[in-house]
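Structural description and commentary
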Amino acid sequence: ERPFKFTHNRNKSTKSSVVDYDFFVYLSYLLGFLFRLYCKVFRTHQLNTLVNEINSKFDFKMVSANSIAMSVGVFKADRFFAKLIISKLQPEKLVVTSRWLHYGFLSVANERGLEIIELQHGSILKSNVFYQSLDEGDLSPGTMFTFSEYWNDRNWNANEVIAVGNASIEANIKEREQD
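Residues numbered from 1 in each chain as written. Predicted model: local features only at pLDDT ≥ 70, side-chain atom pairs only at ≥ 80, totals over all residues. Heavy atoms only, no water.

**Side note on the environment of Leu30**
The cut-off we apply is this: Where helices and strands are cited, they refer to DSSP runs of H or I of at least four residues and of E of at least two residues respectively, numbered from the N terminus.
As for its position among the elements, Leu30 is in helix 1 (residues 22-42). It is 9.1 Å that separates the C-alpha atoms of Leu30 and Gly73, two residues lying 43 residues apart in sequence.

**Here we look at the side chain of Ser140**
To keep things clear, this is the line we draw: Only protein chains enter the area calculation, which uses a 1.4 Å probe; residues under 20% of their type maximum are buried, those over 50% are exposed, and those in between are partly exposed. Residues count as neighbours in contact if any of their non-hydrogen atoms are within 4.5 Å of one another.
Note that Ser140 resides in the loop between strand 4 (115-119) and strand 5 (143-146). Assessed through its relative accessible area of 12%, Ser140 is described here as buried. Among residues more than four places away in sequence, those in contact with Ser140 are Arg99, Leu106, Asn110, Ile116 and Asn157.

**Let's talk about the side chain of Gln120**
Note the cut-off: For the purposes of these results, a polar contact is taken to be a pair of N or O atoms within 3.5 Å, where, inside protein, one atom must be able to donate a hydrogen and its partner to accept one; residues adjacent in sequence count only when each atom of the pair is a side-chain atom.
With respect to the secondary-structure elements, Gln120 resides in the loop between strand 4 and strand 5. Residue classification places Gln120 among the buried positions, given a relative accessible area of 6%. From its side chain, Gln120 meets the backbone nitrogen of Phe147 in a polar contact 2.9 Å long. Setting aside residues no more than four positions away along its own chain, Gln120 makes contact with Met144, Phe145, Thr146, Phe147, Trp151 and Trp156.

**Topic: a nonpolar patch on the surface**
Worth spelling out the cut-off: Grouping into patches uses exposed residues only, defined as over 30% relative accessible area, and leaves out salt-bridged ones; the cut-off is 9 Å for like charges and 5 Å for nonpolar side chains (Val, Leu, Ile, Met, Phe, Trp, Tyr). Accessible surface is estimated by sampling points in the Shrake-Rupley manner with a 1.4 Å probe; for residues, cover comes only from the protein chains shown. By definition, a salt bridge exists where a carboxyl oxygen of Asp or Glu is found within 4 Å of a side-chain nitrogen of Lys or Arg.
The grouping of Leu30, Leu31, Phe33, Leu34 and Leu37 at the surface amounts to a nonpolar patch, some 420 Å² of accessible area in total. Residue Leu37 is classed as partly exposed on the basis of its relative accessible area of 38%.

**As for helix 4 (residues 103-111)**
Those residues of helix 4 lying buried are Gly104, Phe105, Leu106, Ser107, Val108 and Ala109. Contact partners of the buried residues in helix 4: helix 3 (65-89), strand 3 (93-96) and strand 4. Following helix 4 by one or two positions, Gly113 has its phi on the positive side, about 75°.

**Thoughts on the packing of aromatic side chains**
The following threshold applies: In summary, the pairing rule links any two rings of Phe, Tyr or Trp, Trp by its six-membered ring, whose centres are within 6.5 Å, and it sorts them by plane angle into stacked for under 30 degrees, edge-to-face for over 60 and tilted for everything else.
Enumeration according to the criterion identifies 7 aromatic pairs in this entry. Ring centres of Phe147 and Trp151 lie 6.1 Å apart, and the angle between their planes is 90°; this geometry places the pair in the edge-to-face category. Note on Trp151: relative accessible area 12%, which makes it buried. Seen in terms of ring centroids, Tyr150 and Trp151 are 5.0 Å apart; in terms of plane orientation they differ by 85°. Their pairing is edge-to-face. Grouped by ring-pair contacts, the aromatic residues Phe35, Tyr38 and Phe42 constitute a single cluster.

**Notes on the pairing of strand 3**
The test is simple: Following DSSP output, two strands are said to pair if at least two bridges run between them. When the strands point away from the viewer and the path from the first strand over the helix to the second turns clockwise, the crossover is right-handed.
Here strand 3 shows a buried face lined by Leu94 and Val96 and an unburied face lined by Lys93 and Val95. Here strand 3 runs beside strand 4; their pairing, made up of 4 bridges, is parallel. Paired with Val95 across the strands is Ile117, a residue of strand 4. For the segment spanning strand 3, helix 4 and strand 4, crossover handedness is right-handed.

**Structural notes on the packing of helix 1 against helix 3**
Rule in force here: What counts as an axis is a line fitted to C-alpha atoms, over the stretch in contact for a helix, and the angles between N-to-C directions run from 0 to 180 degrees. Any angle that falls under 35 degrees is termed roughly parallel, while one over 145 is termed roughly antiparallel, one within 65 to 115 roughly perpendicular, and all others oblique. Definitions for this section: a left-handed crossing has its near helix turned counterclockwise from the far helix by less than a right angle. A right-handed crossing has that turn clockwise. The classification used treats Ala, Val, Leu, Ile, Met, Phe, Trp, Tyr, Cys and Pro as nonpolar, Asp, Glu, Lys and Arg as charged, and all other residues, Gly among them, as polar.
Here helix 1 crosses helix 3 at 135°, and the two axes come no closer than 7 Å. One element, helix 1, and the other, helix 3, form an angle in the oblique class. The crossing of helix 1 and helix 3 is right-handed. Side by side, helix 1 and helix 3 meet where Phe24, Leu27, Ser28, Tyr29, Leu31, Gly32, Phe33, Phe35, Arg36, Cys39 and Lys40 of the first sit next to Ala65, Asn66, Ala69, Met70, Val72, Gly73, Val74, Lys76, Ala77, Asp78, Phe81 and Ile85 of the second. Looking at the contact of helix 1 with helix 3 residue by residue, the classes come out as 15 nonpolar, 4 polar and 4 charged.

Pasting the structure below:
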């Protein structure tokens, strides 16, 4: 396996195209860095206004002009590459492991009406702020696949939550809860 292959492949263990887009992720960060410089030179007033507005809501400095410009640049680059890849492959569904890493793809997929599925990627506490009240709108997946029924009571910010995990793990968790 080459880490930066520029094409999709047919993995023998799956029935669908798998895209290795690490190359695009790194390129998005480079473009985000360059966009940050552009914003600092040509969009200073708008950037500072936004930073001041956000930081005024907190007792501490929550964001900087650099972090906002970089985030916007990375998102724009991700969307650009997502449009290219999705146009080329024309998938029916998008499956992601962690939406925070794929906002550009989720945005384009939702725009095109693709089904989006996120796979639970770790042990998420009920008190996790990212899964409590954050409404991500068009950046949310339609369906969340969880490890088991035990995990379904989190606020996954998805239209549907489906347990696809191992029944023996579920039974073990319920047994421990009774002890």
